[in-house]
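Working through the structure, step by step
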Amino acid sequence: MNSNQDTIYAQACEHISDFQFDDRVAGVFSDMIRRSVPGYGQIINTLGDFADKCVTPNSKIYDLGCSLGAATLSVRRRIEGRGCEIIAVDNSESMVERCKQNLSAYVSETPVDLICADIRDIEIQDASMVILNFTMQFLAPEDRQTLIAKIYQGLKPGGILVLSEKLVFEDEPVQHLLDELHLDFKRANGYSELEISQKRSSLEHVMKPDTLPQHQQRLEAQGFSHFSVWFQCFNFASMVAIK
Ligand SMILES: C[S@@+](CC[C@H](N)C(=O)[O-])C[C@H]1O[C@@H](n2cnc3c(N)ncnc32)[C@H](O)[C@@H]1O
Ligand SMILES: O=C(O)C(=O)C[C@]1(C(=O)O)C=C[C@@H](O)C=C1
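Our subject in this report is the structure included herewith.

Calculation notes
Per chain, residues are indexed from 1 in the order of the written sequence. The lettering of chains begins at A and the numbering of ligands begins at 1, in the order of writing. Local features in a predicted model are, by the rule used here, given only for residues with pLDDT of at least 70; side-chain atom pairs are given and counted only at 80 or more, and totals for whole chains, interfaces and linings are based on all residues. In computing side-chain properties, one takes all heavy atoms of the structure into account and sets aside hydrogens as well as water. One heavy atom within 4 Å of a molecule or strand makes the whole residue count as near it. Pairs of N or O atoms within 3.5 Å make up the polar contacts considered here, provided that, within protein, one atom can donate a hydrogen while the other can accept it, and that residues adjacent in sequence are counted only when both atoms are side-chain atoms. Where accessible areas are quoted, they stem from the Shrake-Rupley method and a 1.4 Å probe; at the residue level, only the protein chains shown are allowed to cover. A run of H or I in DSSP counts as a helix once it spans at least four residues, and a run of E counts as a strand once it spans at least two, with each numbered from the N terminus. Buried and open spaces are told apart on a 1 Å grid over the protein atoms alone, a cavity being a set of points where a 1.4 Å probe fits but cannot get out and a pocket being an open set with protein on both sides within 12 Å along at least five of seven lines. Residues with an atom within 4 Å of a point are the lining residues. Grid points are joined across faces, edges and corners, and a volume is the space filled by probe spheres set on the points. When residue character is reported, Ala, Val, Leu, Ile, Met, Phe, Trp, Tyr, Cys and Pro are called nonpolar, Asp, Glu, Lys and Arg charged, and the others, Gly included, polar. Here's how the labels work: a residue is buried when its accessible area is under 20% of the maximum for its type, exposed when over 50%, partly exposed in between, all with a 1.4 Å probe on protein chains only. We call two residues contacting when some pair of their heavy atoms lies within 4.5 Å. Residues grouped as a nonpolar core are buried Ala, Val, Leu, Ile, Met, Phe, Trp, Tyr and Cys residues, joined through side-chain atoms within 4.5 Å. Whether two aromatic rings pair depends on their centres lying within 6.5 Å, for rings of Phe, Tyr and Trp, where Trp uses its six-membered ring; planes under 30 degrees apart make the pair stacked, over 60 edge-to-face, and the rest tilted. A ring is scored as having a charge over it whenever the NZ atom of a lysine or the CZ atom of an arginine sits within 6 Å of its centre and within 35 degrees of its normal.

1. Focus: the site of ligand 2
Taken together, 14 residues lie around ligand 2, and Phe 29, Gln 137, Lys 166, Lys 186 and Lys 199 are the ones closest in. In the model, an oxygen atom of ligand 2 is placed 2.6 Å from a nitrogen or oxygen of the Lys 166 side chain. Separating an oxygen atom of ligand 2 from a side-chain N or O atom of Lys 199 is a distance of 2.6 Å. Its free accessible area being 360 Å², ligand 2 has 97% of it covered by the protein chains. Among the elements of the structure, helix 1 (23-36), helix 6 (172-188) and helix 7 (193-203) are those that each provide at least two residues to the shell around ligand 2. When residues of the shell around ligand 2 are assigned to their parent elements, the largest contribution, three residues, is made by helix 1.

2. A few points about the layout of surface pockets
In this structure, the second largest pocket spans a volume of roughly 280 Å³. Along the walls of the second largest pocket sit 15 residues, with Ala 70, Leu 73, Ser 74, Arg 77 and Tyr 106 positioned nearest its centre. At the level of elements, helix 1, helix 2 (40-54) and helix 3 (70-76) are the ones that each hand at least two residues to the lining of the second largest pocket. The leading source of residues in the lining of the second largest pocket is helix 3, at four residues. Split by residue class, the lining of the second largest pocket holds six nonpolar, five polar and four charged.

3. Points about empty space enclosed by the protein
Space left empty within the atom packing is revealed by a probe, the size of a water molecule, rolled over the atoms. The tally for this structure, following the rule as stated, stands at one cavity of 30 Å³ or more. Of the volumes computed, that of the largest cavity is approximately 50 Å³. The dominant element in the lining of the largest cavity, judged by the number of residues it contributes, is helix 7, at three residues. When its residues are assigned to classes, the lining of the largest cavity shows four nonpolar, one polar and four charged.

4. Here's the deal with helix 7
Glu 195, Ile 196, Gln 198, Lys 199, Ser 202 and Leu 203 are the residues of helix 7 that are buried. For helix 7, the elements touching its buried residues are helix 1 and helix 6.

5. A few points about the nonpolar core
If you look at the biggest cluster of nonpolar residues, it comprises 40 residues, and the most contacted ones within it are Leu 47, Ile 61, Val 75, Ile 79 and Met 129. Mapped by element, the contributors of at least two residues to this core are helix 1, helix 2, helix 3, strand 4 (127-133), strand 5 (155-166), helix 7 and strand 7 (236-242). Filtering out sequence-adjacent residues up to four positions away, Met 129 remains in contact with Leu 47, Phe 50, Ala 51, Val 55, Lys 60, Ile 61, Tyr 62, Val 75, Leu 155, Ile 160 and Val 162. If you look at the next biggest cluster of nonpolar residues, it comprises 24 residues, including Ile 119, Ile 122, Val 130 and Met 239.

6. Quick word on the site of ligand 1
Among the 19 residues in the neighbourhood of ligand 1, the closest are listed as Tyr 40, Gly 65, Ser 67, Asp 90 and Asn 133. Between ligand 1 and the protein, one listed contact pairs a nitrogen atom with a backbone N or O atom of Asn 91 at 3.2 Å. If ligand 1 stood free it would expose 600 Å²; the protein chains cover 96% of that surface. A breakdown of the residues in the shell around ligand 1 according to their chemical character gives ten nonpolar, six polar and three charged.

7. Comments concerning the packing of aromatic side chains
Geometry of an aromatic ring pair is reported as the spacing of the ring centres plus the angle between the planes. Evaluation of the coordinates by the stated rule reveals seven aromatic pairs. Where Phe 21 meets Phe 29, the ring centres are 6.1 Å apart and the plane angle is 75°; that geometry is what we call edge-to-face. Ring centres of Phe 21 and Phe 138 lie 5.0 Å apart, and the angle between their planes is 85°; this geometry places the pair in the edge-to-face category. Placement of the pair is Phe 21 in the segment before helix 1 and Phe 138 in the loop between strand 4 and helix 5 (144-154), with a sequence separation of 117 residues. Relative accessible area serves as the criterion here: at 27%, Phe 21 is assigned to the partly exposed category. Among the residues examined, Phe 138 registers a relative accessible area of 24% and is labelled partly exposed. These aromatic residues form a ring-pair network of at least three members: Phe 19, Phe 21, Phe 29 and Phe 138. The ring of Tyr 191 has Arg 35 lying over it, and the distance from NZ or CZ to the ring centre is 3.9 Å.

8. Notes on the environment of Ser 59
Relative to the assigned elements, Ser 59 resides in the loop between helix 2 and strand 1 (60-64). For Ser 59, a relative accessible area of 1% corresponds to the buried category. Put simply, Ser 59 and Arg 82 are 23 residues apart on the chain and 8.3 Å apart in space, counted from C-alpha to C-alpha. If we ignore the near neighbours within four places in the chain, the residues touching Ser 59 are Cys 84, Glu 85, Asp 126, Ser 128 and Lys 156. Separated by 2.7 Å, the side chains of Ser 59 and Ser 128 make a polar contact.

It is worth stressing that arrangement in space is one thing and function is another; only the former is reported here.
In structure tokens form, the structure reads like this:
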């Protein structure tokens, strides 16, 4: 996977435009997400462990908002020989183009159907695993329940949804403390105060994180009766829900 350094917000801009997964972001995304999301590498690796345990023969795996294909690659190498198909979806052409190249760099007998589309428009069926790795936070809040409903309906009994998201907290001191620790993580990874504040402005209208209780309620309202947070570092968490 490419390792171009993210310097997108390094120069002062007069007007900060809304964050987009365009060609510039796609070109540095691997570096950006690793330096921005604590635990990202561990979450990607562990998606493979979940797949090994939960993916059933001849079922489908959906990677929704697949970006450069990191989650798909982690899962694919753990499910060879099971007759499965992975459906990887992203609506950024630049991401999909690069994802295609990344996937083709490894030999595999598991087909990946890589689709450039809005995840709100695709069908989900016969799934034993659905992955939303830091994608739902970019969907309009009013569209999230419908997406979860579609995922629930498309999962086989015993199938899993792995949902990773940035979180916000109703408790103000907790929000402040975990946010500060996240900013320190970014500083330690070489981002300047300017980069941090300009990126924050660009994400403000685009990325709308929920609280953990909001996630849990949304999943339970849909019928998921087994739910746990399996990873959390500061204000980033990954959850698993079992049908
Ligand atoms: C933070 S990235 C996801 C990272 C990726 N899952 C990973 O693990 O490396 C969010 C991705 O979701 C995609 N995305 C956002 N909204 C989408 C939508 N409505 N339909 C399809 N893809 C979407 C973006 O283009 C972007 O590539
Ligand atoms: O919250 C931040 O500061 C982030 O940069 C987070 C985040 C994410 O959670 O997806 C936002 C945009 C990029 O995709 C990479 C990381």
